[in-house]
Amino acid sequence: MTIERVARERRPTLYFLREIRSFAPVHLDTEVDMTRIRDHRAAARAQGRHFSWLTYVLYAAGRAMAAHPEANAAIRGRIRPKVVRFPSAHGKFTMDHTVNGQRVVLSAIIPHVQSAGLAEIQRQVDYYTRGDAEKLPEFAGARLLRRLPWVLGSAAYRSRTRPLRTRATTVGTFAVTSLSHRDVDGFHSTGGTTVTLGLGRIADRPVVRDGAVSVAPVLRLNLTFDHRVIDGAEAADLLTDLKQALEQFEDPSAEDDGTNDVGELKQFVLAHTRGQRVTDHEDVLARIRTDAEGDGSWAAEWTRSARALERDGRLLDACRHYTMARFPFVDGPARQRALDDTVRTFDQWRRGDRDIERLEIDLPTGRVVAWATGMSDGVRRPVLIVSGGIVTVKEQWASTLRAIRRLGMAGIVTEMPGVGENTLPYDRDSWRMLSHLLDHVSDRADVADSYALALSFSGHLALRCALEDSRIRAVLTAGAPIDTLFTDRRWQANLPRITVDTLAHLMGKEAGSALGELPSWALSPDQLRALTIPVRYVACDRDEIIPGADVDLLARHVRDIEILRHDDVHGAPAHAAETQLWLIRSLLRVRRVKAPVHLVIDLLYRLARRRAAAAG
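Read on for a plain summary of the structure. (Residues numbered from 1 in each chain as written. Predicted model: local features only at pLDDT ≥ 70, side-chain atom pairs only at ≥ 80, totals over all residues. Heavy atoms only, no water.)

Per the secondary structure count, the protein includes 24 helices and 16 strands. Over its C-alpha trace the protein gives a radius of gyration of 26 Å, about what one expects of a compact globule, namely 25 Å for 616 residues. Each principal axis of the C-alpha atoms in the protein carries an extent, and together these give about 85 × 55 × 50 Å. Looking at the 616 residues of the protein, the share that counts as buried comes to 55%. A sequence separation of at least 24 residues applies to 67% of the contacts in the protein between residues at least 6 apart. (Helix = DSSP H or I, 4+ residues; strand = E, 2+ residues; numbered from the N terminus. Rg over C-alpha atoms; globule rule 2.2 N^0.38 Å. Buried < 20%, exposed > 50% of the residue type's maximum accessible area, 1.4 Å probe, protein only. Contact = heavy atoms within 4.5 Å.)

On to the sheet that holds strand E7 (residues 195-209), then. Across the sheet, 6 strands lie side by side as E1-E8-E7-E6-E4-E5; this open sheet has mixed pairing. The open sheet terminates on both sides in strands that have one partner only, identified here as strand E1 (25-33) and strand E5 (102-110). Ignoring which end each strand starts from, the neighbouring axes of this sheet average 35 degrees apart. Where helix H4 (residues 118-130) meets the sheet, it contacts strand E4 (91-99) and E5, and its direction lies at approximately 25 degrees from that of E4. (Pairing = 2+ DSSP bridges. Axes fitted to C-alpha atoms, helices over the stretch in contact; angles between N-to-C directions.)

A few words on the packing of helix H1 (residues 11-19) against helix H6 (residues 150-161). When two helices pack together, their arrangement is given by the angle between the helix axes and by the axis-to-axis distance. Taken N-terminus to C-terminus, the directions of H1 and H6 make an angle of 55 degrees; their axes are 10 Å apart at the nearest point. Classified by the angle their axes make, H1 and H6 are oblique. For the pair H1 and H6, the sense of crossing is right-handed. Two secondary-structure elements touch here, H1 through Arg11, Pro12, Leu14, Tyr15, Phe16, Arg18 and Glu19 and H6 through Trp150, Gly153, Ser154, Tyr157, Arg158 and Thr161. In terms of residue class, the contact of H1 with H6 is made up of 6 nonpolar, 3 polar and 4 charged. (Parallel < 35°, antiparallel > 145°, perpendicular 65-115°, else oblique. Left-handed = near helix turned anticlockwise from the far one by under 90°. Nonpolar A, V, L, I, M, F, W, Y, C, P; charged D, E, K, R; others polar.)

Let us look at the packing of aromatic side chains. Tallying each qualifying case throughout the model produces 14 aromatic pairs. Ring centres 6.0 Å apart and planes at 75 degrees place the aromatic pair Tyr59 and Phe249 in the edge-to-face group. Within this pair, whereas Tyr59 is found in helix H3 (residues 53-67), its partner Phe249 is found in the loop between helix H8 (232-247) and helix H9 (262-275), the two being separated by 190 residues in sequence. For the residue pair Tyr59 and Phe249, the accessibility class agrees, reading buried in each case. Geometrically, the ring pair formed by Tyr128 and Phe139 is tilted, given 5.9 Å between the ring centres and 50 degrees between the ring planes. With a gap of 11 residues between them, Tyr128 in helix H4 and Phe139 in the loop between H4 and helix H5 (140-147) connect regions that are remote in the sequence. In terms of burial, Tyr128 and Phe139 fall into one category: buried. Its end group placed over the ring of Tyr59, Arg63 keeps NZ or CZ at 3.7 Å from the ring centre. One Lys or Arg, Arg358, reaches over the ring of Trp371 and ends 5.5 Å from the middle of that ring. (Phe/Tyr/Trp six-rings, centres within 6.5 Å; stacked < 30°, edge-to-face > 60°. Lys NZ or Arg CZ within 6 Å of the ring centre and 35° of its normal.)

For Ser297, the position within the fold is in the loop between helix H10 (281-287) and helix H11 (298-311). Only 2.7 Å separates the side chain of Ser297 from the backbone oxygen of Gly294, close enough to count as a polar contact. Residues contacting Ser297, with those up to four places away along its chain left out, are Ile288, Thr290 and Ala292. (Polar contact = N/O pair within 3.5 Å; in protein donor to acceptor, adjacent residues only side chain to side chain.)

Another aspect to go through is helix H13 (residues 333-350). Its 18 residues give H13 an end-to-end C-alpha distance of 26 Å, which sits within 8% of 26 Å, the value for a rise of 1.5 Å per residue. All of the buried residues along H13 are Ala334, Arg335, Ala338, Leu339, Asp341, Thr342, Val343, Thr345, Phe346, Asp347, Trp349 and Arg350. (Expected span 1.5 Å × (residues − 1).)

Look at the link from Phe327 to Pro328: it is a cis peptide, with omega at 0 degrees. With respect to the element layout, Pro328 can be found in the loop between helix H12 (315-326) and H13. For Asn100, which is not glycine, the phi dihedral falls at a positive 55 degrees. In this structure, Asn100 sits in the loop between E4 and E5. Take Asn100: its relative accessible area is 57%, and that puts it in the exposed class. Of note, the phi angle at Ser456 is positive, near 55 degrees, even though the residue is not glycine. Within the element layout of this structure, Ser456 appears in the loop between strand E13 (446-454) and helix H16 (457-468). Look at Ser456 and you get buried, because its relative accessible area is 11%.

A few words on the environment of Thr94. Residue placement: Thr94 occurs in strand E4. Excluding residues within four positions of it along the chain, Thr94 makes contact with Val105, Leu106, Ser107, Val176, Thr177 and Ser178.

The subject of this paragraph is the nonpolar core. Of all hydrophobic cores here, the largest spans 83 residues; its most connected members are Trp302 and Tyr426. Those residues in contact with Trp302 that lie beyond four places of it in its chain are Thr273, Val278, His281, Val284, Leu285, Ile288, His321, Met324 and Ala325. The next biggest cluster of nonpolar side chains, apart from the first, holds 53 residues, and it includes Ile110, Ala116, Leu136 and Phe139. (Core = buried A, V, L, I, M, F, W, Y, C linked by side-chain atoms within 4.5 Å.)

Strand order in the open sheet made by the 8 strands is E9-E10-E12-E11-E13-E14-E15-E16, with mixed pairing throughout. With one partner strand each, in any of the chains shown, strand E9 (357-363) and strand E16 (561-566) form the two edges of the open sheet. Strand-to-strand twist across the sheet, computed as the mean angle between neighbouring axes with direction ignored, equals 20 degrees. Bridging between strand E10 (residues 366-373) and strand E12 (residues 410-414) involves 3 bridges; their strand directions are antiparallel. Looking at E12, one finds that Thr373 is bridged to Gly411. Contacts between helix H15 (residues 432-440) and the sheet are confined to E9, E10, strand E11 (382-387), E12, E13 and strand E14 (472-478), with E9 contributing the most and set at about 120 degrees to the helix. The sheet strands contacting helix H22 (residues 548-557) are strand E15 (535-540) and E16, and the helix crosses E16 at an angle near 150 degrees.

The next subject is H22. Among the residues of H22, those classed as buried are Asp550, Val551, Leu553, Leu554 and His557. Angular distribution of buried residues about the axis of H22 spans 155 degrees; they occupy a single face of the element. In this fold, the buried residues of H22 make contact with helix H17 (484-487), helix H21 (525-530), E15 and E16. (Arc of directions from axis to C-beta.)

Attention now goes to the pairing of E7. Taken residue by residue, a regular strand's side chains alternate between the two faces of the sheet. As paired elements, strand E6 (residues 174-178) and E7 share 4 bridges and run parallel to each other. Across the sheet, Val176 pairs through a bridge with Leu197, a residue of E7. Bridge count between E7 and strand E8 (residues 212-226): 13 bridges; the pairing is antiparallel. Bridging across to E8, Asp204 finds its partner in Pro217. The turn linking E7 back onto E8 is made up of 2 residues, and Asp210 within it adopts a positive phi angle of 55 degrees.

Have a look at this one:
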């Protein structure tokens, strides 16, 4: 017999169990005929797609919870308890992981699951279940809890999970836990949420259909609810609705006749909402159910929020919400109105700053529009050109305009061909646009000393331009394609739909043919070796769009290259502040700026890195 301390790896579980002691759990169960889901799952597998049983339950449960707001809630307090009802369903699911040789339970949350498609839910389930628990940034909190002393760890857990306002994103609004990988017919568990679903195995059992007994795959579905929040009748209604949703499952691909998949929209917009600090984005996303027209649609809900902010006089916040309404590109009247309102509110906001001006350049193939600063007082300053990727309009760089002036530079913020007000076609020669911008301001700025802060696909344009235009002294970019994205058909086959559709829109091509024109856009090793300027690049190890081979190509062939790597997805939404500070610091370093601002930025960056390291 041995007696030893509880393993550190189990500490988060013990903190959790201590917190749920106040629950008043009541248990219900039912049996679900999974025939229709089994058939859909088999058909999907024949097409090369995989959906787990858990994914179907999360899909159906998210929609059922949204239809039962009384259950999509949480409670706190004993003497004077308070209940919060959440506008969106955030589904928590548990998984089995081995950490340092110790088998533990970890959990992850899929936000806004009531509007996520099957493919998006499965993508997130795979990400968490197949990822390395010791590296995934989403599990950084659990890793920190294991390291902290007991008292501090328990206090940290309470401070993180108890506040009602943030409970949805830290604990979830409902939980799903499964033991279906073993011969367990059913079990009841409390997942820290008002409603917890327990999944047993799916086994062939006799069922009665039209008076006859037949064999069908049956799931024993258990529901545990907190009696402090809802009563048995509400819980029974919820369980019945969930049972019917699973037994009468319909292929969700035909639900939304809009242009884009809502789940993908919500996933990829996060890099923009976090990077720009878009206010109340969680509440807006919670109201969105479709990308079609009318209430609950992507454009309508973002526009509604923007108009409310505009009425309150918050022009810049309104502009940011209008920008999200037209995301990812203009595909109809609603998004066109959103783009027009984006430009209008930005123009109203910038009129309070006489140094921000509008530039319009007419070229043979279209018009380039930009916002500029630092050129109105007759001083010829070095130039910083700023541009985003294929979904980013120039108005998203509002705060950057003022920051450029504080760096002692003139600034031009623009957008890629085909994006926003830029009517140029997006093609292999689009890089020339940057040279035209410098030509346009050459009489008012020191364009011979120019720098490009060009993110994502515009980073590719900046590198290509730097090969021909010696006025560009350095390129600072993040997630820019180089070669493999343009040439590897296997990689292209797995690109997000939103990326392919946006590229096709900018190129004026059909989605099926657009990718076939990309190989000639790739930068060769000889071209990369010909770059004599500093290149600073932010890479994400889990980038869904930019292959790691592109980053490796840069590292091998560019002479003066520095790369910041994040364990994150495209756009590094979990590392927004760190990325911004690193790029600014890199700009100051390549310009050899020794002013106090360099010391401040360097200090802020080091603090951001330390916070990230501590969390990881």
